[in-house]
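Fold and contact review
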Amino acid sequence: MEQARAESKSEVFSRLGWVLILSQLVVLAAVWGGEQVYRMYLGVRQPQLDYVSLLRLLRSNGWTLALGALAGVLPCYLLRLTPKLRQLTGYLTRVRKRTTPAVVVVCLFLVMGLQNLATLITLPMEAIANLWGWSFVDAYASLVGHAGTTSMAIYTVLIAPICEELVYRGFVMRYLERYGRVFAMVVASLLFGLMHGNIIQLPSALLCGILFGYVAMEYSLPASMLIHALNNLISEGLTWLQAADEVTAAAINQAVISFGLVAFLLFVMHWQPSIRGYMRENRTEKGTIWAFVISLPILLLIVYLVVLTALSIKQV
């Protein structure tokens, strides 16, 4: 019986790994193809562009990223992470608890608090990296340097939240839910964080991904999409405001961070017993984590994503 269970888990995790590897390859191919088409378009419309200007336009074009995000969803469905279209529709329509405006506001503040906590984690990481001659400056520049265009705003606020939540909470988390809700949330969040390929984004995406997972699991997938999108909208709005008025943007950003941190601390203090009870109630059975870790496709996927993230760290 135990051997049969282990083989079943091995098959499940292998399928997940291969599907996500293919998804990453499809994303890369779609983005690369989109960039080549856009490059040719710019060559015809603006033949006088120098290399630096061309590169800046390519990197600020959100349409190619949107194409990649949309294409990355397809392998998850075509390779049967969900057996039927009806089940996929069920992911989108299943509502366990009603998402009220109050829930959305509280979750947004919690996301901001988690992002602030992630910053507190990133700062000592960067300090340690600096001691060894490495820097996160390029990773931060890559994170904020692509914002500020309409196409990037549409990608960031609309396309990315929908596609990322569909893949990591709609497909991956639901696929792993059979082994425990907490296990499914954490694994989906880990893969979601690594997928960004940016050391600055990793802690924030990892922590916020768990919250998005809880919302998708206990409320609905559209609710997690909404909260994800609103959070990105706030970040994008602050980026646009900073370009127009740095002082006002800094003041609003500080207020948002402060409210978020207070909300997060109050939430943890008040709901700590419930959080621990939820984890105990939804823990995975023994051997599941080990079966996941030793799955070859999962190992290949994680190694690739870790290397991608490490490449965002540059020498000083």
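Refer to the structure above for everything that follows.
A brief structural summary.

Reading guide: rules and limits
Residues numbered from 1 in each chain as written. Predicted model: local features only at pLDDT ≥ 70, side-chain atom pairs only at ≥ 80, totals over all residues. Heavy atoms only, no water. Helix = DSSP H or I, 4+ residues; strand = E, 2+ residues; numbered from the N terminus. Buried < 20%, exposed > 50% of the residue type's maximum accessible area, 1.4 Å probe, protein only. Axes fitted to C-alpha atoms, helices over the stretch in contact; angles between N-to-C directions. Parallel < 35°, antiparallel > 145°, perpendicular 65-115°, else oblique. Left-handed = near helix turned anticlockwise from the far one by under 90°. Contact = heavy atoms within 4.5 Å. Nonpolar A, V, L, I, M, F, W, Y, C, P; charged D, E, K, R; others polar. 1 Å grid on protein atoms, 1.4 Å probe; cavity = no way out; pocket = protein on both sides within 12 Å on 5 of 7 lines; lining within 4 Å. Points joined across faces, edges and corners; volume = space filled by probe spheres on them. Core = buried A, V, L, I, M, F, W, Y, C linked by side-chain atoms within 4.5 Å. Patch = residues over 30% accessible without salt bridge, like charges linked within 9 Å, V, L, I, M, F, W, Y side chains within 5 Å. Areas by Shrake-Rupley, 256 points an atom, 1.4 Å probe, with all protein chains shown as cover. Salt bridge = Lys/Arg side-chain N within 4 Å of Asp/Glu carboxyl O.

**Focus on the environment of Leu123**
Mapped onto the elements of the fold, Leu123 is located in helix 5 (residues 101-131). Given the relative accessible area of 49%, Leu123 is considered partly exposed. Sequence separation of Leu123 and Ile200 is 77 residues, and the distance between their C-alpha atoms is 9.4 Å.

**Topic: the packing of helix 7 (residues 150-176) against helix 9 (residues 201-218)**
In the contact formed by helix 7 and helix 9, the axes pass within 10 Å of each other and the chain directions differ by 65°. What the angle tells us is that helix 7 and helix 9 run roughly perpendicular. Crossing of helix 7 against helix 9: the hand is right-handed. Here helix 7 contributes Glu165, Arg169, Met173 and Arg174 to the contact with helix 9, which in turn contributes Gly209, Phe212, Gly213, Ala216 and Met217. Each residue belonging to the contact of helix 7 with helix 9 can be placed in one class, and the counts come to 4 nonpolar, 2 polar and 3 charged.

**What to know about empty space enclosed by the protein**
The tally for this structure, following the rule as stated, stands at 1 cavity of 30 Å³ or more. The volume enclosed by the largest cavity comes to roughly 40 Å³. At the level of elements, helix 1 (2-45), helix 7 and helix 13 (296-310) are the ones that each hand at least two residues to the lining of the largest cavity. Top contributing element to the lining of the largest cavity by residue count: helix 1, with 3 residues.

**What about the side chain of Ser135?**
Position of Ser135 among the secondary structure elements: in strand 1 (residues 134-135). Looking at Ser135, the relative accessible area reads 11%, which means it is buried. Beyond its immediate stretch of four places on either side in the chain, Ser135 contacts Glu126, Asn130, Ser312, Ile313, Lys314 and Val316.

**Comments concerning the nonpolar core**
Formed by 67 residues in total, the largest nonpolar core has its most connected members in Phe13, Leu16, Leu20, Val172, Leu176, Leu191 and Ile227. A per-element tally of this core places helix 7 first, with 13 residues. If near-sequence neighbours (up to four positions away) are discounted, Ile227 is found in contact with Val104, Cys107, Leu108, Val111, Phe212 and Val215.

**Some words on a nonpolar patch on the surface**
Taken together, the side chains of Leu22, Leu25, Leu28, Leu74, Leu78, Leu79 and Tyr304 define a hydrophobic patch exposed on the protein surface, amounting to about 630 Å² of accessible area. Every element with two or more residues in the nonpolar patch is listed here: helix 1 and helix 3 (62-78). Looking at the nonpolar patch, the element that brings in the most residues is helix 1, giving 3 residues.

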